[in-house]
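# Breakdown of the fold
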Amino acid sequence: MPATSRLALADIISPVSPQEFLQHYWEQKHLVIQRQDPEFYGPIMKAEDIDRWFYLAKKSGEQIGIVPPPGSNLPGGYSTPRDASIKELYQAFEAGCSIALQNAHEYWLPMQPLVQALSEALSAPITVNVYFTPPGKQGVHIHPDIRDVFVLQLDGTKEWFMYPPGYMLPTKTITHWDELSERYQADFATYKDKAPEDLETLDRFVVEQGDFLYIPRGLPHCARSPEDSPSLHLAIQIHSLCWVDLMKAAVEAVSVDHIELRKALEPGFLHNADARARIAERFRAALDLIVGNASFDRSFEAVSSRETSRQKLPPDGHFRDIIDLPRLNAESIVVRRRGLTPRIVESDKFHILQFGETQFRAPSRIAPALRFIVDKRRIRVCDLEGLPDDKSRLVLIRRLIRDGLFTIEELNAPAFEEGAALSTAETEG
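So, here is what we can say about the structure in this document. (Residues numbered from 1 in each chain as written. Predicted model: local features only at pLDDT ≥ 70, side-chain atom pairs only at ≥ 80, totals over all residues. Heavy atoms only, no water.)

### Quick notes on the sheet that holds strand 7 (residues 158-162)
Spatial ordering of the open sheet is given by 8-7-10, a layout of three strands whose pairing is antiparallel. The two strands at the open ends of the sheet, each matched to only one other strand, are strand 8 (203-207) and strand 10 (221-224). Between one strand axis and the next, the sheet turns through 20° on average, direction left out of account. Where strand 7 lies against strand 8, five bridges are found, and the strand directions are antiparallel. Residue pairing across strands places Trp160 opposite Phe205, the latter belonging to strand 8. (Pairing = 2+ DSSP bridges. Helix = DSSP H or I, 4+ residues; strand = E, 2+ residues; numbered from the N terminus. Axes fitted to C-alpha atoms, helices over the stretch in contact; angles between N-to-C directions.)

Structure representation (structure tokens):
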């Protein structure tokens, strides 16, 4: 069992490799991994931690839900912890309602290392909801999701039902469009008020503590705990950047240089047929303008910058690194902190190393050192390329530790023999 603080994508989908997962399952079909290892996820969360999370989140704006089983007349709904009482949760759970914790990772530190690792591996923001279901109850009605979801079974067991796909790969973006929203919402009408056994299933299985499930967005599903066991699972939601988002960025980038795209639609177009006709005539010209001027590099840089800026410094005890800074030496080994994907923005005089909300501006002459830092996850200070001596290497690494990019793995690592170097597996991200 891997240590909880070191769980990453490769761990939670093992024995399937990340390459196999992306090639054969990602956005295509569900994946079930039954491990028979109840302690695989370690102490991320147990049933007895639910009320502890409640008190940690008491002053937050995050929501906590009381979810009645489908078909029941029990009251339910979502509220913030400060507007609810723990006694209400106790009573609702005993009556048969599931408890849903929204964005549980924001207040439950044991989840955050995994969230950071998945965000980095998948290049996507990650949020985590927790679902705690009483014995013998169905948590939510049959439904598809608009996010890809990783399910980690933390406590108890649950039976899952998968149904033939309808409108696959819906996104939050397109569900605001009437035509596509109707196609997506049509799936809900198909499953409304249906019991799990009422429809033909694509798959049916039980997950136990330590097991893993991947559900691609759009795949209809539901789950039910057995009569003799409650169920606690994480629903890790992956907020992927889609092609439609990249295309939107491309259009916005073209609009910066072309005022035609920044002009307002003709006032009155909602009720004026002539205005609609004039807009239709100009629509084709606008498309031609976009096609003729769209730049992949410019669009990709825009979305990369936005996604990088969303990354957060992890709560991993970094003050210890600040305390140890004076003892850092040329043989020390530093490691990039989890969840951070640095990128370089180039210019003639300066290069900017961006990670999270931090933008470190450095003279262009040290660009080779910055590229080395971007390419390597784990670095021995004296191996940092692009700088003339260990003194300058220590200055740069200390600055990046202060800014939060690196953590210190070993202060006084054993010296290598002449000509030896860290292996590729140790140095590359």
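### Quick notes on helix 8 (residues 273-293)
The terminal C-alpha atoms of helix 8 lie 30 Å apart, and with 21 residues this matches the ideal 30 Å at 1.5 Å per residue to within 8%. The largest bend along helix 8 reaches roughly 25° and is located at Arg282. Of the positions making up helix 8, those classed as buried are Ala275, Leu289 and Ile290. Between the side-chain oxygen of the N-cap and the backbone nitrogen of Asp274 there are 2.9 Å, and the N-cap of helix 8 in question is Asn272. (Expected span 1.5 Å × (residues − 1). Bend = angle between axes of the 7 residues up to and from the residue. Buried < 20%, exposed > 50% of the residue type's maximum accessible area, 1.4 Å probe, protein only. Polar contact = N/O pair within 3.5 Å; in protein donor to acceptor, adjacent residues only side chain to side chain.)

### Some points on the sheet that holds strand 15 (residues 358-363)
Pairing is antiparallel in the open sheet, where three strands are placed in the order 13-14-15. One side of each edge strand has no neighbouring strand; the edge strands of this open sheet are strand 13 (343-346) and strand 15. Pairs of neighbouring strands in the sheet enclose a mean axial angle of 25°, with direction left out of account. Bridging between strand 14 (residues 350-355) and strand 15 involves six bridges; their strand directions are antiparallel. By the bridge assignment, His351 is partnered in strand 15 with Ala362. Lying over the sheet, helix 11 (residues 367-375) contacts strand 13, strand 14 and strand 15, oriented at roughly 15° with respect to strand 14. (Contact = heavy atoms within 4.5 Å.)

### Some thoughts on a nonpolar patch on the surface
Taken together, Leu265, Phe269 and Leu270 make up a surface patch of nonpolar side chains, about 340 Å² in accessible area. Position of Phe269 relative to the elements: it lies in the loop between helix 7 (243-257) and helix 8. When its relative accessible area of 34% is taken as the criterion, Phe269 is described as partly exposed. (Patch = residues over 30% accessible without salt bridge, like charges linked within 9 Å, V, L, I, M, F, W, Y side chains within 5 Å. Areas by Shrake-Rupley, 256 points an atom, 1.4 Å probe, with all protein chains shown as cover. Salt bridge = Lys/Arg side-chain N within 4 Å of Asp/Glu carboxyl O.)

### What to know about the pairing of strand 7
Of all five residues in strand 7, five are buried; the element is thus mostly enclosed. A two-sided burial pattern is seen for strand 7, the buried positions comprising Lys158, Trp160 and Met162 on one face and Glu159 and Phe161 on the other. Judged from the four bridges that link them, strand 7 and strand 10 form a sheet pairing that is antiparallel. Each residue of the ladder has a partner; that of Met162, found in strand 10, is His221.

### Structural notes on the side chain of His30
Following the sequence through the fold, His30 ends up in the loop between helix 2 (18-24) and strand 1 (31-33). A distance of 2.9 Å separates a polar atom in the side chain of His30 from a polar atom in the side chain of Asp203. Those residues in contact with His30, other than ones at most four positions away along the chain, are Tyr25, Met162, Leu202, Asp203, Phe205, Tyr214, Pro216 and Leu219.

### Section: the packing of aromatic side chains
Considering all chains together, one arrives at eleven aromatic pairs under this definition. Relative to Phe132, the ring of Phe93 has its centre 4.4 Å away and its plane inclined at 15°; by these criteria the two rings are stacked. In this pair, Phe93 is assigned in helix 4 (residues 86-95) and Phe132 in strand 5 (residues 126-133), connecting sequence segments 39 residues apart. Classification of Phe132 as buried rests on a relative accessible area of 11%. Through a chain of ring-to-ring contacts, three or more aromatic side chains come together here, namely Phe21, Trp26, Phe150, Phe212 and Tyr214. Between the NZ or CZ atom of Arg35 and the centre of the ring of Phe40, over which it lies, the distance is 3.9 Å. (Phe/Tyr/Trp six-rings, centres within 6.5 Å; stacked < 30°, edge-to-face > 60°. Lys NZ or Arg CZ within 6 Å of the ring centre and 35° of its normal.)

### Some words on the environment of Gln102
With respect to the helices and strands, Gln102 occurs in the loop between strand 4 (98-101) and helix 5 (112-122). Separated by ten residues in sequence, Gln102 and Gln112 have C-alpha atoms that sit 14 Å apart. In this structure Gln102 touches Trp53, Glu62, Gln63, Tyr78, Val128, Asn129 and Tyr131, once residues within four positions along its chain are discounted. Within the structure, the side chain of Gln102 is placed 3.4 Å from the side chain of Asn129, a separation counted as a polar contact.

### A look at helix 4
Within the span of helix 4, buried status applies to Ile86, Leu89 and Ala92. All buried residues of helix 4 project into a common sector of 120° when viewed along the axis, lining one side. Projecting away from the buried face of helix 4 at angles above 90 degrees are the exposed residues Lys87 and Glu94. For helix 4, the secondary structure elements touched by its buried residues are helix 3 (50-56), strand 2 (64-67) and strand 4. The positive-phi residue at the C-terminal boundary of helix 4 is Gly96, with phi of around 115°. (Arc of directions from axis to C-beta.)

Shape is all these values report; function is a separate question.
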